[in-house]
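Close look at the chain arrangement
If you want the building blocks of each chain, they are given just below.
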Amino acid sequence: MPKIHIFDGAMGTMLQAGGLEPGACPELLNIQRPELVQRVHAEYLAAGADYIETNTFGGSPLKLAHYGLAEQAAELNRAGVACAKAAIRAAGLTARVAGSLGPTGSFIEPLGNLNFEEAYQNYLAQARALGEGGADALIIETCIDLQEMRAALLACREAAPGLPVICQLSYSEDGRTVTGTDPRSAAILLEAMGASVIGVNCSLGPQELVPVVRELAGSCSCPISVQPNAGLPYLEDGVTKFPMGPEDFGTWGPKLAAAGATYIGGCCGTTPEPIRALAASLRDVP
């Protein structure tokens with residue numbers, strides 16, 4: 001029987017707990033402290049994840065340029081895949097590796113100063129390195145602009161034509177991205193462009209994402225993915241916190257599956273314990 005696929009949870013939260021300094025480049029750990037990155041992957045695998053994401057969310061040349069590391073983009077992305085694969089081998093499992101591509105941090109013209117070709121070339125370089133490193137799939141995530149997602153998807157299909165591409169936009173509480181795209185429009189366009197899986201991650205908790213998942217599932221024939229935050233974030237003494245505990249988070253797994261998701265994991269505020277609870281709640285859900 002086909003099963004629900006379980007994604008991992010937050011990477012940055014775990015790396016900070018392991019010693020990543022505030023303001024430091026997370027992707028640099030792929031070559032400086034690979035044992036730490038592999039340990040994070042191992043914890044998610046032990047929690048029940050069968051898809052783990054590479055530590056390359058900010059691994060595009062445009063993002064790495066903030067640290068003066070743009071020239072090392074290919075090396076850091078390949079190393080990110082190597083860390084994930086090493087953790088899977090050590091665990092003796094058959095999990096898959098999704099190469100993570102995050103937003104550039106800039107809007108494409110006319111909303112911003114980045115032109116479409118620059119965005120495309122940026123993602124092309126990262127996707128090529130992730131493919132060369134041996135990723136099993138590519139995941140474009142946390143995008144708030146459909147134009148940027150278009151550039152990334154085109155680049156992924158060009159750079160690694162044999163790999164599935166997962167496209168996850170981030171929606172606000174009004175059910176639209178920051179630039180105004182609704183889930184139905186996104187699903188129709190991305191399916192037509194060849195996305196393998198279409199989904200949503202970040203910004204909201206599982207309760208708020210159930211209707212988004214339902215709308216995506218009703219608008220295309222692609223599998224649907226969802227990676228919620230551990231509830232709606234709030235500030236306490238200047239620190240961002242999330243209200244959901246592991247068991248509470250896990251109870252939403254069957255509800256997200258009932259709405260149409262078949263790839264389910266966590267985003268900000270989730271650690272291995274919420275993913276363990278999620279996996280347990282979905283163990284017998286077809």
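Residues numbered from 1 in each chain as written. Predicted model: local features only at pLDDT ≥ 70, side-chain atom pairs only at ≥ 80, totals over all residues. Heavy atoms only, no water.

**With respect to the packing of helix H7 (residues 146–159) against helix H8 (residues 183–192)**
Two elements in contact, H7 and H8, have axes whose closest approach is 11 Å; the angle formed by their N-to-C orientations is 20°. Relative to H8, H7 is oriented roughly parallel. Handedness of the H7/H8 crossing: right-handed. Of the residues in H8, those in contact with Leu146, Met149, Arg150 and Leu153 of H7 are Ala186, Leu189 and Leu190. (Axes fitted to C-alpha atoms, helices over the stretch in contact; angles between N-to-C directions. Helix = DSSP H or I, 4+ residues; strand = E, 2+ residues; numbered from the N terminus. Parallel < 35°, antiparallel > 145°, perpendicular 65-115°, else oblique. Left-handed = near helix turned anticlockwise from the far one by under 90°. Contact = heavy atoms within 4.5 Å.)

**Focus on the state of the cysteines**
Counted according to the given criterion, the structure contains zero disulfides. Just so you know, cysteine 156 is unpaired, no disulfide at all, and the nearest cysteine sulfur is the one on cysteine 167, 7.4 Å from it. Not engaged in a disulfide, the cysteine cysteine 202 finds its nearest cysteine sulfur in cysteine 268; these two sulfurs lie 3.7 Å apart. Residue class for cysteine 202 comes out buried when judged on its relative accessible area of 14%. (Disulfide = S-S within 2.5 Å. Buried < 20%, exposed > 50% of the residue type's maximum accessible area, 1.4 Å probe, protein only.)

**Overview of the packing of aromatic side chains**
Taken as a whole and assessed by the stated rule, the structure comprises three aromatic pairs. Judged by centre distance (5.1 Å) and plane angle (35°), the rings of phenylalanine 7 and tyrosine 51 are tilted. Of this pair, phenylalanine 7 sits in the loop between strand S1 (5–6) and helix H1 (12–17) while tyrosine 51 sits in strand S2 (residues 51–53), and the two are 44 residues apart along the sequence. Tyrosine 51 sits in the buried class, given a relative accessible area of 5%. Taking the centre distance of 5.9 Å and the plane angle of 65° together, the rings of tyrosine 51 and tyrosine 263 count as edge-to-face. Remark: tyrosine 263 occurs in strand S10 (residues 261–264) and tyrosine 51 occurs in strand S2; sequence separation between them is 212 residues. (Phe/Tyr/Trp six-rings, centres within 6.5 Å; stacked < 30°, edge-to-face > 60°.)

**Side note on the layout of surface pockets**
Approximately 710 Å³ is the volume found for the largest pocket. Looking at the largest pocket, it is lined by 30 residues, and the ones nearest its centre are Met11, Gly12, Thr13, Pro26 and Phe57. Secondary structure elements with two or more residues in the lining of the largest pocket: H1 and strand S4 (137–143). Examining the composition of the lining of the largest pocket, we find that four residues originate from one element, H1, more than from any other. Broken down by class, the residue content of the lining of the largest pocket amounts to eleven nonpolar, 14 polar and five charged. Counted as a void, the second largest pocket has a volume near 170 Å³. Forming the boundary of the second largest pocket are Lys3, Ile4, Ile6, Gly48, Ala49, Asp50, Leu93, Ala279, Leu282 and Arg283. When the residues that make up the lining of the second largest pocket are grouped by side-chain class, the tally is six nonpolar, one polar and three charged. (1 Å grid on protein atoms, 1.4 Å probe; cavity = no way out; pocket = protein on both sides within 12 Å on 5 of 7 lines; lining within 4 Å. Points joined across faces, edges and corners; volume = space filled by probe spheres on them. Nonpolar A, V, L, I, M, F, W, Y, C, P; charged D, E, K, R; others polar.)

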